[in-house]
Amino acid sequence: MPRSPSSPAFWRSPLRGPWFTSLLGVVLLVGITVMFVTGLLSYAAYNPNLAAVNDKTPDKGILGFYLFSWPTHPVWLYRLTQGVHVTLGITLIPVLLAKLWSVVPKLFALPPARSLAHALERLSLLLLVGGALFEFVTGVLNIQLDYIFPGSFYTLHFYGAWVFIAAFVTHAVLRVPMALRNLGEMRRRGEWPEGADAERSGGQHDRGSAADGPGPVSGSPGGSAGSASDRTGPAAGGRPGSAPEGPGPAPEGPGSAPEGTASGAGRPGTSPGTPGRHPGVSGAAPEDPGPLSDRSGPVSDDAGRAPGGGGAVSGGAAGGGRPGASSGPARGEEGPHGGPDRVPGRSVPAPAAGEPARPEDELISPDPLPPTVSRRGAIAFVGGGSLLLAATTVGHSFDAPVRETALLAPHGGPEPGSGPGAFQINKTAASRGIDPKETGADAWRLVVAGNGRTVRLSRAQLQELPLHGSALPIACVEGWSTSDQEWRGVRLRDLAELVGYDTDTAPDVVVESLQRAGAFRVAALRYNQVRDPLSLLALSVNGADLTPDHGYPARIIVPAAPGVLNTKWVSRMTFGAL
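My aim in this report is to walk through the structure given alongside it, one point at a time. (Residues numbered from 1 in each chain as written. Predicted model: local features only at pLDDT ≥ 70, side-chain atom pairs only at ≥ 80, totals over all residues. Heavy atoms only, no water.)

Compared with an ideal rise of 1.5 Å per residue, which puts 15 residues at 21 Å, helix α3 (residues 93-107) spans 20 Å between its outermost C-alpha atoms and is within 8% of the ideal. Considering bend angle alone, the principal kink of α3 is centred on Trp101 and spans about 35°; proline Pro105 follows within four residues of it. Of all 15 residues in α3, 11 are buried; the element is thus mostly enclosed. For α3, every residue scored as buried is listed here: Pro94, Val95, Leu96, Ala98, Lys99, Leu100, Ser102, Val103, Val104, Pro105 and Lys106. (Helix = DSSP H or I, 4+ residues; strand = E, 2+ residues; numbered from the N terminus. Expected span 1.5 Å × (residues − 1). Bend = angle between axes of the 7 residues up to and from the residue. Buried < 20%, exposed > 50% of the residue type's maximum accessible area, 1.4 Å probe, protein only.)

Our next topic: the pattern of salt bridges. On inspection of all chains with the given rule, the structure shows seven salt bridges. Here Arg12 and Asp367 are joined by a salt bridge, their closest N and O atoms 3.7 Å apart. Taken together, the residues Arg12 in the segment before α1 (18-45) and Asp367 in the loop between α6 (198-201) and α7 (375-391) connect sequence positions 355 residues apart. The class of Arg12 is partly exposed, set by a relative accessible area of 24%. In this structure Asp367 comes out as buried when scored by relative accessible area, which is 11%. Within this structure, Asp399, Arg403 and Glu415 form a network of salt bridges that share partners. (Salt bridge = Lys/Arg side-chain N within 4 Å of Asp/Glu carboxyl O.)

Core analysis: the biggest nonpolar cluster contains 82 residues, and Trp487, Leu537, Met573 and Phe575 have the highest contact counts within it. Ranked by residue count, the leading element in this core is α1, at 10 residues. Once residues lying within four places of it in the same chain are set aside, the contact partners of Leu537 are Leu446, Leu462, Gly489, Val490, Leu492, Leu495, Ala554, Arg555, Ile556, Val570 and Met573. With five residues, the next largest nonpolar core counts Ala51, Val510, Val522 and Ala524 among its residues. (Core = buried A, V, L, I, M, F, W, Y, C linked by side-chain atoms within 4.5 Å. Contact = heavy atoms within 4.5 Å.)

Right, let's get into the sheet that holds strand β5 (residues 509-513). By way of backbone hydrogen bonds, the strands of a sheet pair with one another, either parallel or antiparallel. The five strands lie next to each other as β2-β1-β10-β5-β6, forming an open sheet whose pairing is mixed. Strand pairing shows two members of the sheet lacking a second neighbour, β2 (453-457) and β6 (522-525), which therefore form its edges. Across this sheet, the average inter-strand angle for adjacent strands is 15°, counted without regard to direction. Across four bridges, β5 lies against β6 in antiparallel orientation. Each bridged residue has a counterpart across the sheet, and for Val511 the counterpart in β6 is Ala523. (Pairing = 2+ DSSP bridges. Axes fitted to C-alpha atoms, helices over the stretch in contact; angles between N-to-C directions.)

Laid out in structure tokens, this is it:
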């Protein structure tokens, strides 16, 4: 009969377990926290509370509680924060997918809620998964310049981030203590990462077992028994792996063990058969079982003994059907001490009727398939994927030749063109509908207004004003950036002086572009940006006039500002408090 996804036995990978999931969760905890903080900084860099033209989320309410005046120094600030935000997001994609894969059984678990706390956790998990997929998908689409979402990227990504982080924090509060406890126990046991869930999953990893078998340690001939800590469970009365106690002689036959032989607890003795690793197991040789602290559980004096004093490693077929097997109850049946036998493929006891499974055991398959890769191999695979994505993305934040390694980024590869203007652009003049006739010397005029005055200046007149230089990068929300370019033009505060403002008290300014459409064809700059001596209305770059694609005849360049606020093809500037 086909198994339902709500059945734990439907999910049969032996890799799933609390250690694997906890490790991925801790990585995401750190990485997503950094991404959220840098995302908030990116939003603040737009100065959305300065003017409506900058604010793409006017109904944000208290979600804008942290906003502050974005600084102009260090000049590479936005280049750093947004580069980290985007590159880290791309790097974490394999970790996120592996984490979602590791917990997918919980999405189908029934009943949907066992308690109020469990219901809250399930709800946070659904919002967490949905929010993570939404944020990562929209982010990747924006980086790839595929604007196929039903609305503004800024609005969708902003509100999606808050939904996601609310679910993330809720889930972290509920799960981080358990994740840290799991990893701490793993370090104390020296299990990294192999064997991390061995005592729960039957110790199968890297050793192999039958999907429905009792585990690698059994009485079957030639069974590879590993160390005591790898065995199928604690040997004690009523615990999994113990043989029933009681009067009567030990069963005779090839599976019986004479008195004095080693039991599952590892007591010294001899056993018929070819010498191997463990005494008491057919085909085993004596081996020092190590201290009790290394074993899978407490050992009692009668642990693992067969009736009558004989003993053998439990887990074999009842009735001595296999060498080394001891008689006992079938799996899933209750032993004489009232403790249930272990679930197939696991050493943990099956939950008693009506008793929920332990949270740390929910991800472990009760019927795992033989492993085809170790946990170390799985972690290396995920880590290798992350490193590959990082290596093919991070270059878009640097110039050639490093930029040429950014094979997955639209702004990777070689620089566009050659000469002084051979650095990255986002939107070309043609794509923004800029007509060369509008930018010609006879047609174009810059309008400077404010304080009740208006001044109109040609490009030639601007070049007659005091010109200054600034070495500043271009950094965009998609994560790409350039190194410092040598800009030259008129300081913004000097333009404010043309309409009656003192250069030291120059106010905010609204800048308009010749482009007909676009989210930031009109943008506002705060007074601290206007007053900074590095803020220019640039006329040239790297010793040559601006090219049309770089904003000819004039463009804004402001330190530490997002690229969209460095308006190209400027037509009007209006100074005044906003």
